[in-house]
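# Residue-level structural notes
As a plain string of letters, each chain reads:
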Amino acid sequence: MKVAVLGGGVCGLYLASKLAKSGIETEVFEKNYFIGKNCCSGLFSERLFDYIPESRELVKNDISQCFIHFPTKTLRLAFKKKFYVIEHAKLDQLMARIAQKDTAVITLGKKIDQNAIDSLNHKFDRIIGCDGALSVTRNYLGLPEPEYSLGIQAFVDQNDNTNCVETWATKNGFIWKIPRGENQEYGIMEHPDVARILFDGFLYQRGLETINLKSALIPTGFNLPANGTITLCGDASGLTKPWSGGGVVWGLTQARILLKNFPDFLKYKNKAEKYFIPEIAVSKIAKKIVYTAGFCMPSLLPINYRIDGDFMLPAIYRFHR
């Protein structure tokens, strides 16, 4: 069997590594001439090490708590599992080295369009689209576009080794500050029409001078095709956490479900939907309740919480599904 993985991000490379290691001829096609996602906060829970143990060597700082600032009240979230600051591009590059060691082939500078997928469909038995928020594979399959938020990040040249993330709630998202050890990261996730305006206003009010501003779209709208030979994984399938926009640990979890059910893509679709759809629904409801109370009825909210930063449903439920 021959498998084509479209997209050389961490999820695509993880899949390629595991498939190649099992003896399946696997090739990754990446549109860029380099490996490494440049715009991402790179804040991952310790679950990342369950998938990529070697990534421990990339840690820049560890995070144990988060403050959410509403206009008149601040909530403190203590994480059940620590989060770690890792440069996303270096994580991708590490995963590429692992995949190549496991005999996966990585082809750079390969433009992926409708014609390319047609061609690959004749040469490979299975195609897995891991080609990000603006997935060509998703469009090829005729699936609807997800909704998008805009993520913007910038950096302040100031050392910061504290163990706390701060966030400021906005109408549909939040502004964040992450201590990255060698510097501080500020960013926003909001509707594309207002994200830059809100972010610039926030920085101006605090007199912050930032460098290296970047942006990327964040998809929301989980959807997998009913197709036996082509499927999606990660951001390409619109799978991101509703409350934070994070997608790596969820994407790797999704990849593990795909691998467990490979090469039956229809069974994978069924299992992944059973796993994630309830989680997405509960997460959206929880975010709605907290935001409504935080802006309109802050007195109803306790100050301190202890949460799992990746999943809201109990582990026993996820295991059962």
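Please refer to the structure placed before this passage.
Residues numbered from 1 in each chain as written. Predicted model: local features only at pLDDT ≥ 70, side-chain atom pairs only at ≥ 80, totals over all residues. Heavy atoms only, no water.

## Side note on the packing of helix α7 (residues 248-261) against helix α8 (residues 265-296)
Defined as follows: Orientation is described by axes fitted as lines to C-alpha atoms, over the contacting stretch for helices, and by angles from 0 to 180 degrees between their N-to-C directions. Numbering goes from the N terminus for both helices and strands, where a helix is a DSSP run of H or I of at least four residues and a strand is a run of E of at least two. Any angle from 65 to 115 degrees is called roughly perpendicular, while one under 35 is roughly parallel, one over 145 is roughly antiparallel, and all others are oblique. Here is the rule for handedness: rotate from the far helix to the near one, and if that takes an anticlockwise turn smaller than a right angle the crossing is left-handed, while a clockwise turn gives right-handed. We call two residues in contact whenever any of their non-hydrogen atoms come within 4.5 Å of each other. Gly falls in the polar group here, along with every residue not listed as nonpolar (Ala, Val, Leu, Ile, Met, Phe, Trp, Tyr, Cys, Pro) or charged (Asp, Glu, Lys, Arg).
Remark: α7 packs on α8, axes separated minimally by 8 Å, with the N-to-C direction vectors making an angle of 150 degrees. Judged on the interaxial angle alone, α8 and α7 are roughly antiparallel. Between α7 and α8 the crossing geometry is right-handed. Across from Trp-250, Thr-253, Gln-254, Ile-257, Leu-258 and Asn-261 in α7, the residues of α8 making contact are Phe-265, Lys-267, Tyr-268, Lys-271, Ala-272, Tyr-275, Phe-276, Glu-279 and Ile-280. Taken together, the residues of the contact of α7 with α8 break down into 9 nonpolar, 3 polar and 3 charged.

## Here's the deal with helix α3 (residues 88-101)
What counts, and what does not: The span one expects for a helix is its residue count, reduced by one, times 1.5 Å. For every residue, the accessible area (1.4 Å probe, protein chains only) is compared with the maximum for its type, and the residue is labelled buried under 20%, exposed over 50%, or partly exposed between those bounds.
Given a rise of 1.5 Å per residue, 14 residues ought to cover 20 Å, and the 20 Å separating the end C-alpha atoms of α3 matches this to within 8%. All of the buried residues in α3 are His-88, Ala-89, Leu-91, Asp-92, Leu-94, Met-95, Ala-96, Ile-98 and Ala-99. Check the buried side of α3 and you find it contacts α1 (10-21), β3 (43-45), α2 (48-51), β6 (105-108) and α7. Looking one or two residues past α3, Thr-103 carries a phi angle of roughly 80 degrees, positive in sign.

## Re unusual backbone geometry
At the junction of Phe-262 and Pro-263, the peptide bond is cis and its omega measures out at 5 degrees in the coordinates. Along the polypeptide, Pro-263 turns up in the loop between α7 and α8. The phi dihedral of Asn-212 is positive, around 55 degrees, even though this residue is not glycine. By the element assignment, Asn-212 lies in strand β12 (residues 211-220). Take Asn-212: its relative accessible area is 45%, and that puts it in the partly exposed class.

## As for the environment of Leu-208
Following the sequence through the fold, Leu-208 ends up in the loop between α6 (195-205) and β12. Note on Leu-208: relative accessible area 22%, which makes it partly exposed. As for Leu-208 and Phe-155, which are separated by 53 residues in sequence, their C-alpha atoms are 9.5 Å apart. With sequence-adjacent residues up to four places away left out, Leu-208 is seen in contact with Val-156, Tyr-186 and Leu-203.

## A short note on the sheet that holds strand β2 (residues 25-30)
Stated formally: Two strands qualify as a pair provided DSSP detects at least 2 bridges between them.
With parallel pairing, the 5 strands of this open sheet are ordered in space as β6-β2-β1-β7-β13. The sheet is open, and its two borders are formed by β6 and β13 (230-232), each paired with just one other strand. If you compare each strand with its neighbour and ignore which way they point, the axes differ by 20 degrees on average. Note that strand β7 (residues 126-129) and β13 share 3 bridges and pair parallel. Across the sheet, the residue bridging to Gly-129 is Leu-232, located in β13. Across the face of the sheet, α8 comes into contact with β7 and β13 while running at roughly 25 degrees to β13.

## Here's the deal with a positive patch on the surface
Test applied: Candidates for patches are residues over 30% relative accessible area with no salt bridge; among them, like charges are joined within 9 Å and nonpolar side chains (Val, Leu, Ile, Met, Phe, Trp, Tyr) within 5 Å. Every accessible area reported is derived by Shrake-Rupley at a probe size of 1.4 Å, with residue values counting cover from the shown protein chains alone. Should a side-chain nitrogen of Lys or Arg be within 4 Å of a carboxyl oxygen of Asp or Glu, the pair is scored as a salt bridge. Here Asp and Glu are counted as negative and Lys and Arg as positive; His is not counted, and neither are the chain ends. Here the site of a charge means NZ on Lys, CZ on Arg, CG on Asp, or CD on Glu.
A surface patch of like charges, here positive, comprises Lys-18, Lys-21, Lys-101 and Arg-256. Mapped onto the secondary structure, Arg-256 falls in helix α7. Taking relative accessible area as the criterion, Arg-256 reaches 40% and is therefore assigned partly exposed.

## Some thoughts on the environment of Asn-32
With respect to the secondary-structure elements, Asn-32 resides in the loop between β2 and β3. Residues Asn-32 and Gly-7, 25 residues apart in the sequence, show an inter-C-alpha distance of 9.1 Å. Setting aside anything within four residues of it in sequence, one finds Asn-32 in contact with Leu-108 and Gly-109.

## Examining the packing of α1 against α7
At a minimum axis distance of 9 Å, the contact between α1 and α7 shows a crossing angle of 30 degrees. As the angle between them shows, α1 and α7 are arranged roughly parallel. Regarding α1 and α7, the two cross each other, and that crossing is right-handed. Contact with α1, carried on its side by Val-10, Cys-11, Tyr-14, Leu-15, Lys-18 and Leu-19, involves Val-248, Gly-251, Leu-252, Ala-255, Arg-256, Leu-258 and Leu-259 of α7 and no other residues of that element. Looking at the contact of α1 with α7 residue by residue, the class counts come to 10 nonpolar, 1 polar and 2 charged.

## Thoughts on the pattern of salt bridges
Under the counting rule described, the total for this entry stands at 12 salt bridges. Across the pair Asp-160 and Lys-177 runs a salt bridge whose closest N-O atoms are separated by 4.0 Å. Of the two residues, Asp-160 is situated in the loop between β8 (147-156) and β9 (164-169) and Lys-177 in strand β10 (residues 174-179); the sequence distance between them amounts to 17 residues. When sorted by exposure, Asp-160 lands in the same class as Lys-177, which is buried. Measuring nitrogen to oxygen at the nearest pair gives 3.2 Å for the salt bridge that ties Lys-241 to Asp-310. Taken together, the positions of Lys-241 in the loop between β13 and α7 and Asp-310 in the loop between β14 (304-307) and α9 (315-320) put the pair 69 residues apart, joining distant regions of the chain. What you see here is one network of salt bridges that share partners, running through Arg-47, Lys-241, Asp-308 and Asp-310.

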